[in-house]
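Spelled out from the first residue to the last, the chains are:
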Amino acid sequence: MKLYCDTTRLVDLRDFLQEILSGTSMSEVEQHQVILAVEEVAANLIIHSHDCNPQEHIEIKVNRDQKQLKIEIIDSGKLFNILEYQEPEITEVIKSKRKGGLGIILVKRIMDKIEFESSQNKNICRLYKIL
């Protein structure tokens, strides 16, 4: 799927993923969690790496077999390595009433494995979920 960098297009991503995930053995709750995780990564890329420029796009590729689901999110925006993200202390976030910054924590807790690769203006975030 080619997703243009406009947050209003995230609904297209949800529909795309829902169609794919409905054919798996995942429960409805698990499907929604995976959609939330992918949407969080995509939204962060759209907002922070591409400055919501609708002329730019990211790509989402989904592969699945009997055992696992692999989702690749590919872009050429500003580099953000999800694996290097340092989780804030939740109590500090609550005390400071800070908004944002918790989505990556959700992604790490929902998905079973995360890989990140970057080379020559191309970033690939791979999210895996065991079925």
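Look above for the structure.
About the thresholds
Residues numbered from 1 in each chain as written. Predicted model: local features only at pLDDT ≥ 70, side-chain atom pairs only at ≥ 80, totals over all residues. Heavy atoms only, no water. Helix = DSSP H or I, 4+ residues; strand = E, 2+ residues; numbered from the N terminus. Contact = heavy atoms within 4.5 Å. Areas by Shrake-Rupley, 256 points an atom, 1.4 Å probe, with all protein chains shown as cover. Pairing = 2+ DSSP bridges. Axes fitted to C-alpha atoms, helices over the stretch in contact; angles between N-to-C directions. Buried < 20%, exposed > 50% of the residue type's maximum accessible area, 1.4 Å probe, protein only. Left-handed = near helix turned anticlockwise from the far one by under 90°. Nonpolar A, V, L, I, M, F, W, Y, C, P; charged D, E, K, R; others polar. Salt bridge = Lys/Arg side-chain N within 4 Å of Asp/Glu carboxyl O.

S.K.: I'm lost on the overall build of the protein chain in this one. Help?
M.R.: When helices and strands are tallied, the protein chain shows four helices and five strands. Within the protein chain, residue pairs in contact and separated by at least 24 positions form 62% of the contacts whose partners lie at least 6 positions apart. Of the roughly 7900 Å² of accessible surface on the protein chain, a fraction of 48% belongs to carbon and sulfur atoms.

S.K.: When you look at the sheet that holds strand E4 (residues 113-119) in this model, what are you seeing that I'm missing?
M.R.: Within a sheet, adjacent strands bond to each other through the backbone by hydrogen bonds, running parallel or antiparallel. On the basis of which strands lie adjacent, the open sheet formed by five strands has the order E1-E2-E3-E5-E4 and antiparallel pairing. Of all the strands in the sheet, just strand E1 (2-4) and E4 have a single pairing partner and so form its edges. Strand-to-strand twist of the sheet, defined as the mean angle between neighbouring strand axes without regard to direction, takes the value 20°. Along the sheet, helix H1 (residues 10-21) contacts E1, strand E2 (57-64) and strand E3 (68-75); its crossing angle with E2, the most-contacted strand, is approximately 10°.

S.K.: I'm lost on the pairing of E4 in this one. Help?
M.R.: Looking along a regular strand, one sees the side chains alternate between the two faces of the sheet. Note: E4 against strand E5 (residues 122-130), seven bridges, orientation antiparallel. Residue pairing in the sheet places Ile-114 in a bridge with Leu-127 of E5. Between the antiparallel neighbours E4 and E5 lie two residues, among them Gln-120 with a positive phi of about 45°.

S.K.: Sorry, what's going on with unusual backbone geometry here?
M.R.: Note on backbone geometry: most residues besides glycine have negative phi, and most peptide bonds are trans. In this model, Asp-51 sits at a positive phi of 50°, which is unusual for a non-glycine residue. When you line up the elements, Asp-51 lands in the loop between helix H2 (28-49) and E2. Here Asp-51 falls in the exposed class, since its relative accessible area comes to 53%.

S.K.: What is the right way to read the packing of H1 against H2 from this model?
M.R.: Geometrically, a packed helix pair is captured by the angle between its two axes and the distance between the axes. Direction vectors running N to C along H1 and H2 enclose 145°, while the axes themselves pass 10 Å from each other. Considering how the two elements wind past one another, H1 and H2 form a crossing that is right-handed. Along the contact surface, H1 presents Leu-10, Leu-13, Arg-14, Leu-17, Gln-18 and Leu-21, while H2 presents Gln-31, His-32, Val-34, Ile-35, Val-38, Glu-39, Ala-42, Ala-43 and Ile-46. Here the contact of H1 with H2 is built from residues that sort into 10 nonpolar, three polar and two charged.

S.K.: Which parts of the structure should I look at to understand the pattern of salt bridges?
M.R.: Pairing between side chains of opposite charge can happen when their charged atoms approach one another. Counting across every chain of the model gives seven salt bridges. The residue Glu-39 makes a salt bridge to Arg-14 at a minimum N-O spacing of 2.1 Å. Of the two residues, Glu-39 sits in helix H2 while Arg-14 sits in helix H1, which places them 25 residues apart along the sequence. With a relative accessible area of 16%, Glu-39 lands in the buried category. One network of salt bridges, in which partners are shared, links Lys-70, Glu-72, Lys-113, Glu-115, Glu-117 and Arg-126.

Nothing here speaks to function; it is all geometry.
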